[in-house]
Amino acid sequence: MTASNVAYTIGGVKIHFPCKAYPSQLAMMNSILRGLNYGQHCLLESPTGSGKSLALLCSALGWQRAQLDKMQGGGSEDQSQACKMSGDNKRSNVSIPCDCVCHSKVSPVSKADVIDLTASPSKETPQQLHAGSQTAESLQKFLDSHLSETSQFSILSDQDDFQPQRKRIRTAEPKGVVFTEEMPEMANHSSGPQHWTPKAKNNGADLASSCSSPECHQCLCASAKGNLKDENGKKKIPKIPKIFFGTRTHKQITQIAHEMKRTAYSTTPMTILSSRDHTCVNPAVAPHAHRNELCKELREGKDGKSCRYYHAVQKMSNQSTLQLVHGMQEAWDIEDIVTLGKRLRSCSYYAARELMQSSRIVFCPYNYLLDPMIRESMAIDLSGHILVLDEAHNIEDCARECASFTLDHNGLLLCTEELDGMVTNNIRRSQHELLRDFCYSLTNWIQESQSLLSDRGYENASKVWSGKDILAIFHGRGITPDSFRMLQQTLEEVLEKEEDDGNEDSKQVATISSSASTVLKGLFMVLDFLYRDNSRYCEDYKVALQKNYAWVSKAPPDNPDSKGFLVLPNSKHRRKIKMKTEVLTLSFWCLNPAVAFSDLSGRVHSIVLTSGTLSPMGSFSSELGVKFSIQLEASHVINKSQVWVGTVGEGPQGRKLCATFQHTETFAFQDEVGALLLHVCQVVAKGVLCFLPSYKMLDKMRDRWTATGVWNKLEQQKMVIAEPRGGGKGDFDELLQIYYNAIKSSEERDGALLMAVCRGKVSEGLDFTDDNARAVVTIGIPFPNIKDLQVELKMKYNDQHCKTRGLLPGNRWYEIQAYRALNQALGRCIRHRNDWGALILVDSRYKNNPNKYITGLSKWVRQLVHHHDTFSGAMRSLEAFSKAQQRLSHADSSPGSSSGTNALWKTSDLLDSPLTPAKAGQEPPGDSR
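The rules we used
Residues numbered from 1 in each chain as written. Predicted model: local features only at pLDDT ≥ 70, side-chain atom pairs only at ≥ 80, totals over all residues. Heavy atoms only, no water. Helix = DSSP H or I, 4+ residues; strand = E, 2+ residues; numbered from the N terminus. Buried < 20%, exposed > 50% of the residue type's maximum accessible area, 1.4 Å probe, protein only. Areas by Shrake-Rupley, 256 points an atom, 1.4 Å probe, with all protein chains shown as cover. Pairing = 2+ DSSP bridges. Axes fitted to C-alpha atoms, helices over the stretch in contact; angles between N-to-C directions. Polar contact = N/O pair within 3.5 Å; in protein donor to acceptor, adjacent residues only side chain to side chain. Parallel < 35°, antiparallel > 145°, perpendicular 65-115°, else oblique. Contact = heavy atoms within 4.5 Å. Disulfide = S-S within 2.5 Å. Expected span 1.5 Å × (residues − 1). Salt bridge = Lys/Arg side-chain N within 4 Å of Asp/Glu carboxyl O. Left-handed = near helix turned anticlockwise from the far one by under 90°. Nonpolar A, V, L, I, M, F, W, Y, C, P; charged D, E, K, R; others polar. Patch = residues over 30% accessible without salt bridge, like charges linked within 9 Å, V, L, I, M, F, W, Y side chains within 5 Å. Lys, Arg positive; Asp, Glu negative; His and termini not counted. Charge placed at Lys NZ, Arg CZ, Asp CG, Glu CD. Phe/Tyr/Trp six-rings, centres within 6.5 Å; stacked < 30°, edge-to-face > 60°. Lys NZ or Arg CZ within 6 Å of the ring centre and 35° of its normal. pLDDT = per-residue confidence, 0-100.

Draft legend 1. Structural detail: the overall build of the protein chain. When its secondary structure is counted, the protein chain shows 35 helices and 22 strands. Buried residues in the protein chain amount to 56% of all 929 residues. Counting every atom, the protein chain has about 40,200 Å² of accessible surface; 49% of that belongs to carbon and sulfur.

Shown next, in the form of structure tokens:
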């Protein structure tokens, strides 16, 4: 533990923090520990740059370590040391509660606890401060008075730093464990770290010193007496819950791993689950696009070849070997294990999967945890464990996508042909024949149903069935719940048998391709949901057959020259041509994210959803079907003077700016926005981000501004870069590097302007620290495409069930999708405590109807919004703000300044950024949310 480490005791759990925590971090840790102690679910919003990641890691890992210490029958070294330091060696612990019949007492929660840290200061007592109504000012005052200065360093206290000092409860229990009295609002509950059970959702348990019921066999008190036994009569030791930590992208996982390395829990056994795209080290596989198929072929030993990296996976698949032999004692990231895999010629992809068994914390993209197909392929079992989903603002959409499947008709035909080939060649004929007949039946139905398609315009036609209708249609074709279970079992046997046969060295056995098995697995996954529990989810599905046209890039056919010889130019230089192709798809759309969450909510110990932009929070419980008993909207750690938030409803020429579809199509609107953006670039130095609702609008703006000369004027002021619609990751990273370099170098132009799209690559998962984003301009409100069939069906679904299931009405759900995307775009600015920037919201609707359009913004943003009557007034205010902040920055960085660079970046001020926050003009280390 470093000298700067601070120890807090919250909810009876000792938490080691790498620096003095902000009030928002303490409130967040308090909420998480209450959830973990009582098996409740948490919904926590903490603004970007407020230290959310550290609070998540330290509280969850601290709670897990406390459970481990308790299970081992003694206190931790820190707790023992605390007893000695305090001079009180006679402390004893209270009994450990459990959720058995003889101990539990359910106390219903009438309303979720929402801790409001932004309310006006009041005169609450310390007890009231911890009852869920803290203010930032009163909380900080209480903490400053309660925590001694020495607690900011290495001295540990056995008192609960989140509570007033009160007399501890003493009972005659075994020595060695120190517990403190629970929070005042839980005065009726037992103290100390609570017992955890996989499915326990009790809101509390009465204190009891022993269990006298002969029927109590599954609780921790029985284990303490040696009464907890398995089916074979052997003593059963309860397992410590793992922490499955999911976030949106692999890059964000790297940032979280760096954060963990800074903590006192950095040596906790861990692993990172990721795709072969990031972890394959076989040079014969890694460079190719079809890595999954090539990996499968090598593992199966086809054509006499095998993967020596896969066969050497044992070199790095053990936690002890990894830490003691290979020197990876502390938290590592994907790059570390890939480097080790290359050096040892061992498969880092499968090693990471093997390490999951012995890990205490598992990092992965959160679709690995939500998608039933990925969970099965990765052998992820979440029962009784802790599920942390960071950056969870898109979790509803992700959950719906994970329970949905879209089938391309051509893909189904290829799958059918492969299965037919298996039958023809008499390879496991009886099994493949059943699957082939199923595919034939589905193909024939699709062909017959094309006559039912209705034109939707824009070269699109569709037909939609309800889930109930589809089950009736399938029943008429012989697919019933019983026959489907038989098909499911057949597919499992085929895939298992093919894997066994493929690994045999004695013979080569033909197997279906990965693409064919993916088609079958996807189909069977959605059908499993449709048939599950007497078809309880069938009304949550819509099945759409769609026909449209797409421009597909294809290589031109090889043509013979005039002499009859075939001309084969170098493939690298052959230009692909775009051909208009008819596309027929069958989509099984889940409209209820609670379907995917139903696999999780009843099995896990606790679910913790966090993000910097969860507002508005009302839809999560109803949409996910999960009761979030603990909710938090935390304040930002910055001063109000560090951010300028303003709405602008008119342009330089005084024209009204309302970014609805009708207005954005006009040249007048486009010209006014171009002139506005040019003024902003002249007023704000360095980096400016501009977000538009769609790529279509971005293209229209660029074309118009190029024609009128505005684009050229923008380029004279700053380097202008537009976010590409497609392209590879390498191309996008190269574009970002050009942007960062332009901001560093101010020789020719003053920084750079990055034109981007809400819900695009720039708006989520990227960090624009300091000079890289001194202003964020949002044009309009990024509502989803109202003509999109899936959006239309989702709105109708919510309207249908809003009264019976408590869902938001369709229009309200539609608006929330826009606000979440908008909040994410605004969150690219202000990335740490000392950062500053301007948020410019361009649209007249904000001022004209604030009750509707401002309430959806994140709490810290909406409290700072100022509506400007005129464009000139907004620009004068923005210019004054920008110049004032630049003067402060120059003063802070000047030699001899007490608030200069060394003071500015002291360890205790580090927030979510995995490394020291980037100084002005430097490329950021990555997403620090």
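Draft legend 2. Broad picture of the sheet that holds strand E18 (residues 719-722). Taken in spatial order, the seven strands of this open sheet run E18-E19-E17-E20-E21-E16-E22, and their pairing is parallel. Two strands lie at the open edges of the sheet, namely E18 and strand E22 (866-868), each paired on one side alone. Averaged over all pairs of adjacent strands, the angle between their axes in this sheet comes to 20°, without regard to strand direction. Pairing of strand E17 (residues 687-692) with strand E20 (residues 775-779) involves four bridges; the strand directions are parallel.

Draft legend 3. Looking closely at the side chain of aspartate 390. Residue placement: aspartate 390 occurs in the loop between strand E8 (386-389) and helix H16 (395-402). By relative accessible area, which is 1% here, aspartate 390 ends up buried. In this structure the side chain of aspartate 390 is engaged in a polar contact, spanning 2.9 Å, whose partner is the side chain of lysine 52.

Draft legend 4. Just the environment of isoleucine 577, in detail. The residue isoleucine 577 is located in strand E13 (residues 577-590) in this model. Considering only alpha carbons, one finds isoleucine 577 and tryptophan 551, 26 residues apart in sequence, at a separation of 9.4 Å.

Draft legend 5. The packing of helix H18 (residues 429-449) against helix H21 (residues 514-535), seen in detail. Running from N to C, H18 and H21 point in directions that differ by 75°, and their axes come no closer than 12 Å. Here H21 runs roughly perpendicular to H18, going by the angle between their axes. Across the interface between the two elements, Leu435, Phe438, Cys439 and Leu442 of H18 pack against Leu520, Leu523, Phe524 and Leu527 of H21.

Draft legend 6. Expanded view of the side chain of serine 882. Within the secondary structure, serine 882 is located in helix H34 (residues 871-893). With a relative accessible area of 2%, serine 882 lands in the buried category. The contacts of serine 882, once residues within four sequence positions are left out, are Val683, Val684, Ala685 and Trp836.

Draft legend 7. Local environment of the environment of methionine 579. Of note, methionine 579 is situated in strand E13. As for methionine 579 and tryptophan 551, which are separated by 28 residues in sequence, their C-alpha atoms are 5.3 Å apart.

Draft legend 8. Fine view of the state of the cysteines. Summed over the entire model, instances satisfying the criterion amount to zero disulfides. Looking at the unpaired cysteine 307, the closest cysteine sulfur is the one in cysteine 347, lying at 6.0 Å.

Draft legend 9. How the structure looks around helix H25 (residues 667-683). Taking 1.5 Å of rise per residue, 17 residues should cover 24 Å, and H25 covers 25 Å from first to last C-alpha, within 8% of that figure. All of the buried residues in H25 are Phe669, Gln670, Glu672, Val673, Gly674, Leu676, Leu677, Leu678, Val680, Cys681 and Val683.

Draft legend 10. Region of interest: the environment of isoleucine 630. By the element assignment, isoleucine 630 lies in strand E15 (residues 630-633). Residue isoleucine 630 is classed as buried on the basis of its relative accessible area, which comes to 0%. Sequence separation between isoleucine 630 and serine 31 is 599 residues, and the spatial gap between their C-alpha atoms is 6.5 Å.

Draft legend 11. Local environment of the pattern of salt bridges. A complete count under the given rule lists 34 salt bridges for this structure. Arginine 477 is the salt-bridge partner of glutamate 448, the closest N and O atoms lying 2.5 Å from each other. Taken as a pair, glutamate 448 in helix H18 and arginine 477 in the loop between helix H19 (467-476) and helix H20 (481-502) lie far apart in primary sequence, 29 residues in all. Owing to a relative accessible area of 31%, arginine 477 belongs among the partly exposed residues under this scheme. Between arginine 862 and glutamate 633 there is a salt bridge, and its shortest N-O distance comes to 3.8 Å. Highlighted residues: arginine 862 in helix H33 (residues 859-862) and glutamate 633 in strand E15, separated in sequence by 229 residues.

Draft legend 12. Highlighting the packing of helix H17 (residues 409-424) against H18. With their axes 9 Å apart at the nearest point, H17 and H18 run at an angle of 150° to one another. Compared by their axis directions, H17 and H18 come out roughly antiparallel. For the element pair H17 and H18, the recorded crossing hand is left-handed. Of H18, the residues touching H17 (which contributes His409, Leu412, Leu413, Cys415, Thr416, Leu419, Asp420, Met422 and Val423) are Arg429, His432, Glu433, Leu435, Arg436, Cys439, Tyr440, Leu442, Thr443, Ile446 and Gln447. Class assignment for the residues of the contact of H17 with H18 results in eleven nonpolar, five polar and four charged.

Draft legend 13. Fine view of the pairing of strand E16 (residues 643-648). Along E16, six of the six residues are buried, which leaves the element largely enclosed by surrounding structure. Side chains of E16 alternate between two faces, with Val643, Val645 and Thr647 and Trp644, Gly646 and Val648 buried alike. Pairing geometry for E16 and strand E21 (residues 837-842), over six bridges, is parallel. Along E21, the bridge assignment pairs valine 643 with glycine 837. Bridge count between E16 and E22: three bridges; the pairing is parallel. Pairing of threonine 647 across the sheet is with histidine 867, part of E22.

Draft legend 14. Here's a closer look at unusual backbone geometry. With a phi close to 60°, asparagine 426 is a non-glycine residue in the positive phi region. Here asparagine 426 lies in the loop between H17 and H18. In this structure asparagine 426 comes out as exposed when scored by relative accessible area, which is 53%. Look at aspartate 770: it is not a glycine, yet its phi comes out positive at around 55°. Its location among the elements puts aspartate 770 in the loop between strand E19 (752-757) and E20. Residue aspartate 770 is classed as buried on the basis of its relative accessible area of 5%.

Draft legend 15. Representation of a negative patch on the surface within the structure. On the surface, Glu376, Glu492, Glu493 and Glu496 cluster together into a patch of negative charge. Assignment of secondary structure puts glutamate 496 in helix H20. Exposure remark for glutamate 496: the relative accessible area of 52% places this residue in the exposed category.

Draft legend 16. Up close: the packing of aromatic side chains. With the rule as written, the count across this model stands at 13 aromatic pairs. Centre to centre, the rings of tryptophan 445 and tryptophan 465 are 4.9 Å apart; their planes meet at 50°, and the pair counts as tilted. Separated by 20 residues along the polypeptide, tryptophan 445 in helix H18 and tryptophan 465 in strand E11 (residues 460-466) bring together distant segments of the chain. Ring pairs connect the aromatic residues Phe438, Phe484, Phe524 and Tyr531, which therefore count as one cluster. Here the guanidinium or amino end of arginine 704 rests over the ring plane of phenylalanine 667, the centre of that ring lying 4.0 Å away.

Draft legend 17. Just helix H30 (residues 810-826), in detail. Between its terminal C-alpha atoms H30 stretches 25 Å, which fits the 24 Å expected from 17 residues at 1.5 Å a residue. Summarising burial for H30: 15 of the 17 residues are buried, a large majority.

Draft legend 18. Highlighting the confidence of the model for the protein chain. Looking at the protein chain, the pLDDT average stands at 77 and 72% of residues meet or exceed 70. The low-confidence segment residues 75-228 (pLDDT under 50) makes 318 contacts with residues lying over four places distant or belonging to another chain.

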